[in-house]
Amino acid sequence: MKAFVYRGPGRSGVEDRPRPEIEGPGDAIVKMVKTTLCGTDLHILKGDVATCAPGRILGHEGIGTIAALGPAVSTFHEGDRVLISCISSCGTCGYCRRGMYSHCTTGGWILGNEIDGTQAEYVRIPHAETSLYPIPKGADEEAMVMLSDILPTGFECGVLNGKVAPGARLAIVGAGPIGLAALLTAQLYSPAEIIMIDLDDNRLAMARTFGATQTVNSTDGKAAAAVKALTGGLGVDTAIEAVGIGATFQLCQDIVSPGGVIANIGVHGEKVDLHLEKLWSQNITITTRLVDAVTTPMLLKTMQSGKIDPTRLITHHFTFDHILDAYETFANAARTKALKVIITA
Ligand SMILES: NC(=O)c1ccc[n+]([C@@H]2O[C@H](COP(=O)([O-])OP(=O)(O)OC[C@H]3O[C@@H](n4cnc5c(N)ncnc54)[C@H](O)[C@@H]3O)[C@@H](O)[C@H]2O)c1
Ligand SMILES: [Zn+2]
Ligand SMILES: [Zn+2]
């Protein structure tokens, strides 16, 4: 089968690989129907993600059809249409029992990282019963792809950890797919202000159509002053970091108001400064989280009811034969205006 493979920092390509087979009783083999690319895949390609070894098939998102099942899987059947969670969870270990699937002792974020992923014709999903979701009849399958990772990530790591509340002032640094997913799901809690910050005017314009009340282009290095000006000098109750670099984590430290929360989402490849000499007295909370994808069923229902429409994040379509073009388009988003790209088998 054809698969997109990480070969080491700056090197990748499409290779012929053997089809995956059932290895454990709880496994499923899924024939991929639609997948997508994530900002985290770009981090891996740069060499930022130490757990992902050269030779790995990338991809942790998508939907497909069950092609084979291990003997312990009883809730799915061959031919079922399923949503693949980016997080594999056994459902029974101590972390899973606490709803922290991201740290499942035999799962977590392994797909397209520690085991081969979804950017291929077939993928093996361990712990299939608790890591796959049935796709409801009539559901928009491209919208479902947004549920594998970006919607739960923006919601859990950004909105829930950031304690977004009615009337709150919220800033989201980074208007990529993850920042925009946080923007979409933050509105379930009716914050008063949502200030979106990015370097890219196209993404900021998009953010306005998605419900941002204010946008700030931070190219001039004066975003902190702009946010202070927009909030009567107070700063924000919640600052969501959705980029993954030191400069944007710094900006969050500069704009969080006393008692506020900095909710980090970004995957950081390098060490970052924490200014406790300024923040020690500010009663703030800093949170980090690897998405647990524990809100996937709730978000699915919210999506089905029309309360959130993630298809607005999809800008481009490719067939799997053109996955290299898809990467090229996705990696040059400022020029191509790409957000999420759908790759169909
Ligand atoms: N915590 C988790 O579980 C989890 C899960 C998925 C993704 N992530 C991470 O979330 C982050 C965002 O993902 P994405 O797919 O939206 O990435 P992306 O690269 O598409 O978007 C990042 C955005 O940040 C903007 N940006 C870059 N530098 C900036 C700066 N100095 N100031 C302001 N804006 C700046 C870019 O213009 C871009 O719009 C990534 O680091 C990704 O790895 C984390
Ligand atoms: Zn991802
Ligand atoms: Zn577990």
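Predicted model only: the values in this text are computed from it and were never measured. (Residues numbered from 1 in each chain as written. Chains lettered and ligands numbered in written order. Predicted model: local features only at pLDDT ≥ 70, side-chain atom pairs only at ≥ 80, totals over all residues.)

Let's shift gears to the environment of His 275. Position of His 275 among the secondary structure elements: in the loop between β13 (256–264) and α10 (276–279). For the pair formed by His 275 and Arg 56, sequence separation is 219 residues and the distance between their alpha carbons is 37 Å. (Helix = DSSP H or I, 4+ residues; strand = E, 2+ residues; numbered from the N terminus.)

Looking at ligand 1, there are 33 residues lining it, with Gly 39, Gly 176, Ile 178, Gly 244 and Val 267 nearest. Among the elements of the structure, α1 (39–46), α5 (150–160), α6 (177–186), β10 (193–198) and α9 (246–255) are those that each provide at least two residues to the shell around ligand 1. Partitioning the shell around ligand 1 into residue classes produces 17 nonpolar, 11 polar and 5 charged. Of the residues that make up the shell around ligand 1, three or more belong to each of domain 1 (2–148 + 292–344) and domain 2 (152–288). (Near = placed C-beta within 6 Å. Nonpolar A, V, L, I, M, F, W, Y, C, P; charged D, E, K, R; others polar. Domains from an automatic or database assignment.)

In this model, Lys 163 sits at a positive phi of 50°, which is unusual for a non-glycine residue. The phi dihedral of Ala 293 is positive, around 55°, even though this residue is not glycine. As for its placement among the helices and strands, Ala 293 is situated in the loop between β14 (285–288) and α11 (296–304).

You can read the domains of the protein as domain 1 (2–148 + 292–344) and domain 2 (152–288). In this structure, domain 1 and domain 2 have C-alpha centres spaced 27 Å apart. Contacts between the two partners involve 20 residues from domain 1, matched on the other side by 15 residues from domain 2. Elements represented by at least two residues in the side of domain 1 that touches domain 2 include exactly α1 and α11. Looking at the side of domain 1 that touches domain 2, the element that brings in the most residues is α1, giving 3 residues. For the side of domain 1 that touches domain 2, the per-class residue count stands at 9 nonpolar, 5 polar and 6 charged. (Contact = placed C-beta atoms within 7 Å.)

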